[in-house]
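Architecture and fold: a report
This is what each chain is made of:
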Amino acid sequence: MPNRSQFASLPNIVTIGRILLIPVICWMLVTGSMELRAVALLIYVVAAASDWVDGYLARRFDLG
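A brief structural summary.

Rules used in this analysis
- Residues numbered from 1 in each chain as written.
- Predicted model: local features only at pLDDT ≥ 70, side-chain atom pairs only at ≥ 80, totals over all residues.
- Heavy atoms only, no water.
- Salt bridge = Lys/Arg side-chain N within 4 Å of Asp/Glu carboxyl O.
- Helix = DSSP H or I, 4+ residues; strand = E, 2+ residues; numbered from the N terminus.
- Contact = heavy atoms within 4.5 Å.
- Phe/Tyr/Trp six-rings, centres within 6.5 Å; stacked < 30°, edge-to-face > 60°.
- Buried < 20%, exposed > 50% of the residue type's maximum accessible area, 1.4 Å probe, protein only.

**Description of the pattern of salt bridges**
- One pass over the full model with this rule turns up two salt bridges.
- We note a salt bridge from Arg18 to Asp51, for which the minimum N-O separation is 3.3 Å. One end of the pair, Arg18, is in helix 2 (residues 10–30); the other, Asp51, is in helix 3 (residues 34–60), and 33 residues separate them in sequence.
- Of the charged contacts in the structure, one is a salt bridge between Asp54 and Arg18, with a shortest N-O distance of 2.6 Å. Of this pair, Asp54 sits in helix 3 while Arg18 sits in helix 2, placing them 36 residues apart in sequence.

**Examining the environment of Ser50**
- For Ser50, the position within the fold is in helix 3.
- Placed 33 residues apart in sequence, Ser50 and Gly17 show a C-alpha to C-alpha distance of 9.6 Å.
- Residues in contact with Ser50, not counting those within four places in the same chain, are Val14 and Arg18.

**Overview of the packing of aromatic side chains**
- Following the criterion strictly, the structure yields one aromatic pair and no others.
- Here the aromatic rings of Trp52 and Tyr56 are separated by 5.5 Å at their centres, their planes lie at 10 degrees, and the arrangement is stacked. One end of the pair is Trp52 and the other is Tyr56, both in helix 3 and four residues apart, which spans about a single turn.
- With a relative accessible area of 57%, Trp52 lands in the exposed category.
- Judged by relative accessible area, which is 38%, Tyr56 ranks as partly exposed.

**Examining the environment of Ala40**
- Relative to the assigned elements, Ala40 resides in helix 3.
- When the C-alpha positions of Ala40 and Met28 are compared, they lie 5.9 Å apart, and in sequence the two are twelve residues distant.

So, in structure tokens, the structure goes:
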């Protein structure tokens, strides 16, 4: 059973942040504004890169 500190670990916080960005990205995409769509793409690329980062951190600190 994972303890509370594992749930609050940095990799999990990064993952939760990515999950919270989903509605923001969706809203930006459906507004129709090209500027917001470009920002949504940028956020998506950063979020995708953070997936690698949280995996690396989880392996590095043996949290997975």
